[in-house]
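Breakdown of the fold
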Amino acid sequence: MKRIMAAALIICMMLTLASCSSQEKAKGAKTNQQTETDGAKHILTAYFSCTGTTEQIAGWIADKTDSDIYQITPQSPYNKDDLNYGDSSSRTTTEQNDASARPKISGRVEDMDKYDVIFLGYPIWNGQAPRIISTFLESYDFSDKTIIPFCTSHSSGIGSSDTQLHSLCPDSVTWKPGERFSADTTSDEVNDWVGGLNITMETSANTGIFHFETKKVLLNSGYEMPIMGLGTYSLSDEECENSVKSLLEAGGRLIDTAYMYHNEGAVGKAVRESGIPREEIFVTTKIYPSQFDNAAGAIDEALEKMDMEYIDLMLLHHPGDGDVEAYKAMEQAVADGKLRSIGLSNWYVEELEDFLPQITIMPAVVQNEIHPYYQENDVIPYIQEKGIVVQGWYPFGGRGHTAELLGNETISAIAQAHGVTSAQVILRWNLQKGVIVIPGSSNPEHIRENLELFSFELTAEEMEQINALDRNEKHDWY
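Residues numbered from 1 in each chain as written. Predicted model: local features only at pLDDT ≥ 70, side-chain atom pairs only at ≥ 80, totals over all residues. Heavy atoms only, no water.

Along the protein chain, the regular secondary structure elements total 17 helices and 17 strands. By residue count, 56% of the 478 residues in the protein chain fall in the buried class. For the protein chain, contacts bridging at least 24 residues in sequence account for 75% of all contacts bridging at least 6. Accessible surface for the protein chain amounts to roughly 20,400 Å². Of this, 46% is attributable to carbon and sulfur atoms. (Helix = DSSP H or I, 4+ residues; strand = E, 2+ residues; numbered from the N terminus. Buried < 20%, exposed > 50% of the residue type's maximum accessible area, 1.4 Å probe, protein only. Contact = heavy atoms within 4.5 Å. Areas by Shrake-Rupley, 256 points an atom, 1.4 Å probe, with all protein chains shown as cover.)

In structure tokens:
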């Protein structure tokens, strides 16, 4: 996280500290510093704080988004008497009662043009944002940017403050609904809110990169996802519950289910009874086209079946009539905190080119059939270049094809060279291509084996040998 501020503000900050006797620095908060412009950062957290509460929230947001941070500092700092809201003649009261009041700001944000997203924080004063926030909004051209307001208050809600601020912005601004935080808000609550916004974290060089040390990938939604786990297609309730328990006991944390698998309830039961904190487990489910006409109800149904407060990732199972409207229902569920990340299953280049311009939140994941006989070598880069993570189903070729694929001479020879199984070679091949794997199994030994993918690495030559097996041979109709 980088912190930005003109050098002249140092003097103003010292004056502010001297005059605001009630101000305490939030624990862990840092003062603004001059920053280097690196061109790779696109999110700014700007805030005004006089008692430290908003500053603390802003710091957590900046940490979560790896954004630059800018403190809005008045040329004439507020002292204790100014903050006496009970005095009708105090500075804050007279300013808040004057809609035209515009306190001057000391310093400016350098290179405001480079920022795509601005988090804007302020305390609630007399039911509104301090007038200095209006000064800030009128000091720059925010055309085509996204602004996300947040406020701090001991009792008042955000009220009409964010709509009044929105009215000061150009029509091309994307203005997200604001959020109010109290003085006892925790960093986890702030992180959950930021993650739920599904703002693409353009600031993070790590987005979409597989980290084999942590066995996770950072999604464009801001959440981390395990890069290998368990698919539950065709597993009955009892098989599914036992398989999920085997996965969790073996250290796996990613589970893939769907409405059409008819085992969402079993997944939820296994997760609840595992004793593992819910936030450590990543659960994916899907809405089927037959549910698209009431996608909001389908989301609630999935939450109820699994008895979960939120779902980590929800996908549209495959294209169908009403898919755009269904996706928009998922977007709303993200805003409501029901879903953390959303995406698509069985969407290819042509479908994506038609679909993506019609939605607001970029999919975090696209899940397609991928195995050595059907490699999607044109589709995978197309998806990844958009900041979307690719996940593969049928990694072993699917029913009726698994034995042939696992017995392939090339794959078997590579497996023998590394002292691993053919299944492990195929899964590792996927991971090294940047494809999340979710092999299905009800066998505890196979489930454990499918997670043990990090004691060996395929060479460039071995990767090319497997790449040469591509037949463009699709094994399911999706």
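The 3 strands lie next to each other as β7-β8-β9, forming an open sheet whose pairing is antiparallel. Two strands close off the open sheet at either side, each with one partner strand: β7 (210–211) and β9 (224–226). In this sheet, strand β8 (residues 216–218) lies alongside β7 in antiparallel orientation, the contact comprising 2 bridges. Pairing of Phe210 across the sheet is with Val217, part of β8. (Pairing = 2+ DSSP bridges.)

This part is about the nonpolar core. Counting residues in each nonpolar core, the largest one holds 90 residues, and the members touching the most others are Met225, Ile287, Leu316, Met330, Leu339 and Phe355. Sorting elements by how many residues they give to this core places helix α10 (residues 323–335) first, with 7 residues. Beyond its immediate chain neighbours, meaning those up to four positions away, Leu339 contacts Ile299, Ile311, Met314, Met330, Ala333 and Val334. By size, the runner-up hydrophobic cluster in this structure holds 31 residues, among which are Cys50, Val109, Tyr122 and Phe136. (Core = buried A, V, L, I, M, F, W, Y, C linked by side-chain atoms within 4.5 Å.)

Attention now moves to unusual backbone geometry. Look at Asp144: it is not a glycine, yet its phi comes out positive at around 65°. The residue Asp144 is located in the loop between α4 (131–137) and β4 (146–152) in this model. In the Ramachandran plot, His262 falls in the positive-phi region, its phi being about 60° despite a non-glycine side chain. Relative to the elements of secondary structure, His262 occurs in the loop between β11 (254–256) and α8 (264–273). By relative accessible area, His262 is classed as exposed at 57%.

A few words on the packing of helix α9 (residues 295–306) against α10. Interaxial distance between α9 and α10 falls to 8 Å at its minimum, and their mutual angle equals 50°. With respect to their mutual orientation, α9 and α10 come out oblique. For the element pair α9 and α10, the recorded crossing hand is right-handed. Residues Ala295, Ala296 and Ile299 of α9 pack against Ala326, Ala329, Met330 and Ala333 of α10. (Axes fitted to C-alpha atoms, helices over the stretch in contact; angles between N-to-C directions. Parallel < 35°, antiparallel > 145°, perpendicular 65-115°, else oblique. Left-handed = near helix turned anticlockwise from the far one by under 90°.)

Take the side chain of Gln424 next. For Gln424, the position within the fold is in helix α15 (residues 422–432). Among the polar contacts made by the side chain of Gln424, one reaches the main-chain amide nitrogen of Thr421 at a distance of 2.9 Å. (Polar contact = N/O pair within 3.5 Å; in protein donor to acceptor, adjacent residues only side chain to side chain.)

The subject of this paragraph is the confidence of the model for the protein chain. For the protein chain, the mean per-residue pLDDT works out to 88, and 90% of the residues sit at or above 70. Below pLDDT 50 for its whole length, residues 1–41 participates in 87 contacts with residues either more than four positions away or in separate chains. (pLDDT = per-residue confidence, 0-100.)

Another aspect to go through is the pairing of strand β13 (residues 311–316). Across the 6 residues that make up β13, a large majority, 6, are buried. As defined by bridge partners, strand β12 (residues 282–287) adjoins β13 across 4 bridges and the pair is classed as parallel. Counterpart to Thr284 in the pairing with β13 is Leu313. Viewed along the sheet, the connection from β12 through α9 into β13 turns out right-handed. Where β13 lies against strand β14 (residues 339–345), 5 bridges are found, and the strand directions are parallel. Of the residues in β14, the one forming a bridge with Leu313 is Ser341. Crossover connection from β13 via α10 to parallel β14: handedness right-handed. (Right-handed = clockwise from strand over helix to strand, strands pointing away.)

Attention now goes to the packing of aromatic side chains. For the structure on display, the rule yields 15 aromatic pairs. The interplanar angle of 65° and the centroid separation of 4.7 Å between the aromatic rings of Trp393 and Tyr394 together place this pair among those described as edge-to-face. Comparing Trp393 with Tyr394 shows no difference in burial state: the two are buried. Above the plane of the ring of Tyr223 lies Lys64, whose end atom (NZ or CZ) is 5.2 Å from the centre. The ring of Tyr310 carries the charged tip of Arg340 above its face, separated from the ring centre by 3.9 Å. (Phe/Tyr/Trp six-rings, centres within 6.5 Å; stacked < 30°, edge-to-face > 60°. Lys NZ or Arg CZ within 6 Å of the ring centre and 35° of its normal.)

Below, the discussion takes up the sheet that holds strand β16 (residues 389–393). Here 8 strands make up an open sheet; going across it, the order is β10-β11-β12-β13-β14-β15-β16-β17 and the pairing parallel. Two strands in the sheet have a free side with no partner beyond their single neighbour: β10 (230–231) and β17 (435–437). Here β11 pairs with β12 via 3 bridges, running parallel. Within β12, the position partnered with Leu254 by the bridge is Phe282. Sheet strands touched by α9: β12, β13 and β14. Its angle to β12, the strand with the most contacts, is close to 140°. Of the strands in this sheet, β12, β13 and β14 are in contact with α10, which crosses β14 at around 160°.

Our focus in this paragraph is the packing of helix α7 (residues 237–249) against α8. Axis separation between α7 and α8 bottoms out at 8 Å; the angle between their running directions is 35°. Of the two possible hands of crossing, α7 and α8 adopt the one that is right-handed. Residue-level contacts link Asp237, Cys240, Glu241, Val244, Lys245 and Leu248 of α7 to Ala266, Val267, Lys269, Ala270, Val271 and Glu273 of α8. Tallied by class, residues from the contact of α7 with α8 come to 7 nonpolar, no polar and 5 charged. (Nonpolar A, V, L, I, M, F, W, Y, C, P; charged D, E, K, R; others polar.)

With that out of the way, let us pick up α9. The α-helix winds at 3.6 residues per turn, so residues separated by three or four positions along the chain end up facing the same way. For α9, which comprises 12 residues, the first-to-last C-alpha distance of 17 Å matches the rise-based estimate of 16 Å (1.5 Å per residue) to within 8%. Residues Ala295, Ala298, Ile299, Ala302, Leu303 and Met306 constitute the buried set of α9. One side of α9 holds all its buried residues, which, seen down the axis, span an arc of 135°. Of the surrounding elements, those touching the buried residues of α9 are α8, β12, β13, α10 and β14. The positive-phi residue at the C-terminal boundary of α9 is Asp307, with phi of around 55°. (Expected span 1.5 Å × (residues − 1). Arc of directions from axis to C-beta.)

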